[in-house]
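As a plain string of letters, each chain reads:
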Amino acid sequence: MEKKSTRLYFIDAIRAWAILMMLQGHFIDGLLDNAFRDNTNIGYGLWKYFRGMTAPVFFTVSGFIFTYLLIRVPQTGFNNPRVKKGVKRGLELLFIGYLLRLNLGGILQGKLYDSFFLVDVLHCIGVSILVIIGGYLLTYARKQVLFPVVLVSITLLLFILEPWYATTTFSSLPNAIANYLTRTNGSVFTIIPWVGYATMGAFVSIVFTKYKEHPQFYPRTIAVAITIGSLLIFTSSDLFVLISELTGSTLFLKISMNNYLFIRLGDVFIAFAVFMLLRKWLKNPTFLKIGQSTLSIYVIHFIILYGSFTGVGLYRFFHHSLSPAIAIGGAILFMIVCSFTALLYEKHKASIKKSSKDAFRFTWSQAEPFLKTSFSKAKMLFL
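The model shown is predicted, which means the values in this text are computed figures rather than measured ones.

## A word on the overall build of the protein
Okay, so step 1: Helix and strand counts for the protein come out as 18 helices and zero strands.
Okay, so step 2: Scaling as 2.2 N^0.38, a compact globule of 383 residues should have a C-alpha radius of gyration of about 21 Å, and the protein matches this with 23 Å.
Okay, so step 3: Taken along the three principal axes of its C-alpha coordinates, the protein extends 80 × 55 × 50 Å.
Okay, so step 4: For the protein, buried positions account for 43% of its 383 residues.

## Considering the environment of phenylalanine 27
Okay, so step 1: One can find phenylalanine 27 in helix α1 (residues 9–31).
Okay, so step 2: Residue phenylalanine 27 is classed as buried on the basis of its relative accessible area of 6%.
Okay, so step 3: Along the backbone, phenylalanine 27 and leucine 305 are 278 residues apart, and their C-alpha atoms lie at a distance of 7.3 Å.
Okay, so step 4: If sequence neighbours within four positions are ignored, phenylalanine 27 has contacts with Leu32, Leu305, Leu314, Leu322, Ala327, Gly330, Ala331 and Phe334.

## So, the layout of surface pockets
Okay, so step 1: Its boundaries defined by the atoms lining it, the largest pocket holds a volume of some 1,500 Å³.
Okay, so step 2: Looking at the largest pocket, it is lined by 43 residues, and the ones nearest its centre are Arg15, Arg89, Glu92, Gln292 and Leu295.
Okay, so step 3: When residues of the lining of the largest pocket are traced back to their parent elements, those giving at least two are α1, α2 (42–70), α3 (81–99), α5 (121–139), α15 (294–306), α17 (324–347) and α18 (349–381).
Okay, so step 4: Sorting elements by how many residues they give to the lining of the largest pocket places α3 first, with 10 residues.
Okay, so step 5: Looking at the lining of the largest pocket, its residues break down into 24 nonpolar, seven polar and 12 charged.

## So, the packing of aromatic side chains
Okay, so step 1: One pass over the full model with this rule turns up 26 aromatic pairs.
Okay, so step 2: Aromatic side chains phenylalanine 10 and tyrosine 218 sit 6.3 Å apart centroid to centroid with 85° between the ring planes, which places their arrangement in the edge-to-face category. With phenylalanine 10 in helix α1 and tyrosine 218 in helix α10 (residues 217–234), this pair connects stretches of sequence that are 208 residues apart. The pair phenylalanine 10 / tyrosine 218 is uniform in exposure class, with both members buried.
Okay, so step 3: Where tryptophan 194 meets tyrosine 197, the ring centres are 5.4 Å apart and the plane angle is 35°; that geometry is what we call tilted. Pair noted here: tryptophan 194 and tyrosine 197 are both in helix α9 (residues 191–211), with a separation of three residues, about one helical turn.
Okay, so step 4: On the basis of relative accessible area, tryptophan 194 is assigned to the buried category, the value being 12%.
Okay, so step 5: Using a relative accessible area of 0% as the deciding quantity, one classes tyrosine 197 as buried.
Okay, so step 6: By way of ring pairs, the aromatic residues Phe59, Phe159, Phe189, Trp194, Tyr197, Phe240, Phe252 and Phe262 are connected into one cluster.

Rules used throughout
Throughout, residues of each chain are indexed from 1 in the direction in which the sequence is written. Reporting of local features is limited, given that this is a predicted model, to residues whose pLDDT is at least 70; pairs of side-chain atoms are given and counted only at 80 or more, and all residues count toward the totals for whole chains, interfaces and linings. Derived side-chain values reflect all non-hydrogen atoms in the structure, with water molecules and hydrogen atoms excluded from consideration. A run of DSSP states H or I qualifies as a helix once it reaches four residues; a run of E qualifies as a strand once it reaches two. Both are numbered from the N-terminal end. It is over C-alpha atoms that the radius of gyration is taken, and the globule rule equals 2.2 Å times the number of residues to the power 0.38. Per-residue accessibility, obtained with a 1.4 Å probe over protein chains only, is compared with the maximum for each type, and a residue is labelled buried under 20%, exposed over 50%, and partly exposed between these values. Should any heavy atoms of two residues lie within 4.5 Å, those residues are considered in contact. Here a cavity is any set of points on a 1 Å grid over the protein atoms alone where a 1.4 Å probe fits but cannot get out, and a pocket is any open set with protein on both sides within 12 Å along at least 5 of 7 lines; a residue lines the site when it has an atom within 4 Å of a point. Grid points are joined across faces, edges and corners, and a volume is the space filled by probe spheres set on the points. Each residue is assigned to one class: nonpolar for Ala, Val, Leu, Ile, Met, Phe, Trp, Tyr, Cys and Pro, charged for Asp, Glu, Lys and Arg, and polar for all the others, Gly among them. Between the rings of Phe, Tyr and Trp (Trp by its six-membered ring), a pair exists once the centres lie within 6.5 Å; its type follows the angle of the planes, with under 30 degrees stacked, over 60 edge-to-face, and the other angles tilted.

Now the structure itself:
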């Protein structure tokens, strides 16, 4: 009989796979010479397709994990301790997202470059967590069935209305806000439609929480995930064409012509099915720790590859210049370095934070008298 556990190890395994795929994907996409980007090449085509799965899987799993922890506790509404933790986490991700885009050279000159306001993965996941919390607080305490309905509705609305907002530039809004809604200014990810994957992950976690103790849960869930995934991948485009013909709406025809959101959602369900099927063999401690250290890995990879703070990273020196052999070998090394560094940090995180706080306190204690004296002298000059 399979041993019961409150921890879903296959979710950590999916996160580990997704973050490793993100590392190699960013490395190869950023550094591979354009001359080797041949869509007719089977190897490159497969790599490109699987790379496209990474972000949808990562967003879906992020929504799943947060909501799974949110609804497991007996308290509801504002009494749920996970609400406060979630708000803190969401704001923390937004802060780190902006922090990684800081350029120290620009700050020393009193400038914030336009790239600082671009929105990326961390911003979107932070907003996704806040959206999920908002839906939870508005519905869960009143009638629990409304929460999953709201989550699915958000996903469907964001995915179905994509042709309407995809070409909108939101130029009337300040760039700092517009960048959350449009990629026109250079944002890689935007809350529309990417929050939709997180809310779908949140919905799936509710299903898991409600039915996971059923003896046939995994066999049935795997079968359902494969069925839904296959239908989304292979038949959703034709379905939207049919709906367009029946309703006369051009919206559904446009969806069918660029149906990447629903097809990628199908990929997510297939990925879930595969990892659930292999869950008994996906309990390697190191691999699971990688899945539990995704934030640290993301931050480290951003610094090494894109040169956060200094502008000096691999991207600056090797942008679109490597051959396939070097790019593949480099990507493997890059994954190892980022993962090892992150696991090392996680192991010593408590002592590192304590040392950082002690160093800050010491620096402030030394600087405070000087600053007070300087302020007093400056004040006297203006009196």
